[in-house]
Structures are given as structure tokens and as C-alpha cells.
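What follows is the residue order along each chain.
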Amino acid sequence: MNVILLIIVEKQEKIGVVIHAEEGLGLLHRLTGVILEHQANITSVAIIDNRPPDARIYFEIELLSEPSQLTADLEKLPVVRSVEVVKSLERIYGKRIIIMGGGAQVGQVAIGAVSEADRHNIRGEHISVDTIPLVGEQSLADAVRAVARLPRVKALVLAGALMGGQIEQAVREVRQTGLLVISLNMAGARRGGPGSQRSGSGRRNGRYGGRRHG
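As the structure is a computational prediction, the values presented were derived from the model and not from experiment.

A. Local environment of the environment of V17. On the secondary structure map, V17 appears in strand 1 (residues 13-22). In this structure the C-alpha to C-alpha distance between V17 and V86, which are 69 residues apart in sequence, comes to 5.9 Å. Setting aside residues no more than four positions away along its own chain, V17 makes contact with I57, Y58, F59, I61, L74, V83, E84 and V86.

B. Examining the pattern of salt bridges more closely. Within this structure, the stated rule accounts for 9 salt bridges. E168 is the partner of R172 in a salt bridge, and the nearest nitrogen-oxygen pair spans 2.6 Å. A residue pair is termed a helical-turn pair when its members lie 3 or 4 positions apart in one helix, as R172 and E168 do in helix 7 (residues 165-175) at 4 residues. On the basis of relative accessibility, which here comes to 44%, the residue R172 falls in the partly exposed class.

C. A look at the pairing of strand 3 (residues 54-63). Counting buried residues in strand 3 gives 7 out of 10 residues, a clear majority hidden from the surface. Two successive antiparallel strands, strand 2 (residues 41-51) and strand 3, enclose a turn made up of 2 residues.

D. Just the sheet that holds strand 6 (residues 127-133), in detail. Ordered in space as 6-5-7-8, the 4 strands form an open sheet in which the pairing is parallel. The open sheet is flanked by strand 6 and strand 8 (180-184), the only strands paired with a single partner. On average, each strand axis in the sheet is tilted by 20 degrees relative to the strand beside it, whichever way the strands run. Judged from the 7 bridges that link them, strand 5 (residues 95-101) and strand 6 form a sheet pairing that is parallel. Paired with R96 across the two strands is S128, which belongs to strand 6. Relative to the sheet, helix 5 (residues 103-121) contacts strand 5, strand 6, strand 7 (153-159) and strand 8, its axis offset from that of strand 6 by approximately 175 degrees.

Cut-off values and rules
Residues numbered from 1 in each chain as written. Predicted model: local features only at pLDDT ≥ 70, side-chain atom pairs only at ≥ 80, totals over all residues. Heavy atoms only, no water. Helix = DSSP H or I, 4+ residues; strand = E, 2+ residues; numbered from the N terminus. Contact = heavy atoms within 4.5 Å. Salt bridge = Lys/Arg side-chain N within 4 Å of Asp/Glu carboxyl O. Buried < 20%, exposed > 50% of the residue type's maximum accessible area, 1.4 Å probe, protein only. Pairing = 2+ DSSP bridges. Axes fitted to C-alpha atoms, helices over the stretch in contact; angles between N-to-C directions.

So, to be careful, I would describe these as geometric facts and stop short of saying anything about function.
Structure, rendered in C-alpha cells:
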């Protein structure tokens, strides 16, 4: 039995499906109902566009069979105009590293992070780096909490950002989800702040995307 289950798991393929449909109430319900009939597991969903009368919805799903029958059944729905099977965003962009903090510090850290990601991507991995320059305790705390809602994010780097207060509390919250958070001590930042972590490149154990619980 264990061997059979292992074979089934290994045959699962994660694919992306972009559906162009008629915007309206109950659209997601209709689409997910067809996906359920094919015993496909939805791992991610995003509404790309929702301007009446059109809607574009992106699903990432794990499917045990060929996607052709699934797409055919989706296209049978009266509200669906087209269905396109694409590579998943995870396969294309891979793990995401988010860098935030003061503009100058973010720029400095991003140079090193992109260089490190390039070194891994050349070997066949997929790592992407996103940045957002921010100042202010409330703005940074809101942004830290929002990272936990972003897809595929494996690490957050606070570049020269002050720890303490609302930011420290936000960091504790996202660490509980398994997200790796690194706070760099840089010029202009308070050294030795509560909960701060020091790392020269944002890399742990030779690769991005490791997890560390605070």
C-alpha cells in the first residue's frame, strides 16, 4: 500500500491554469466544482482581472491525470470563454525573497541578494528577489505582516530597519508561520535591537529559502 501511495504522489504534477470567463456571481464556485470532479488539488488561486464583463482567474493545481480532460470540461461551462494551461509561477519564479527597509539600505542589500540568487539559478534553482523601500514603524509593521499573505515567500530581509515596538511584534507573528526573517545591522540602524539577526548576505546553510523559527 505504501508503494502504491508513493507512486501516486510522484505522478502528481502542479500546473497553472488561466481561465478567461464571464464575470459574475458564483464564478469561482462553478470553476472549482469542475476542478473537484477531476480530483485536482488547488494549491493557489488569484483573480488576475475582474472588470465586467470579463474576468481572468489563475489556478495552480496538482493533477493526477493529463490536463486535457480538465480543460475540456471547464470549457463546457457557458460562462467560460477560454482555458490555457501554463507553467506554474512556482516553477518559473520559484522561491521569493522580500527585502524591505530604507531606500539606500534596500538597494545595497538587493545587489548582494540578486548576485546570490543568480549563482543558485545558474545551477537550475529558481529564486526571485522583490524589494520595497519603506520608512516609518507602522508602515514597516504592516508590510512585515503582509509578507505572510504573499505566495511563495520563503525569507524576509529587513535592511537597516529598526527593530522594536510594532515591527518586532510583526516579526514574531510571521516567524510563527515558518517564515525566515533576517534583520541586518547597517549604517543608520540601531544595533543590538530586540530580536535582531545579523547576516552578511541573507543566506543560511548555503541557500535561500531555509526556515528559522524565532
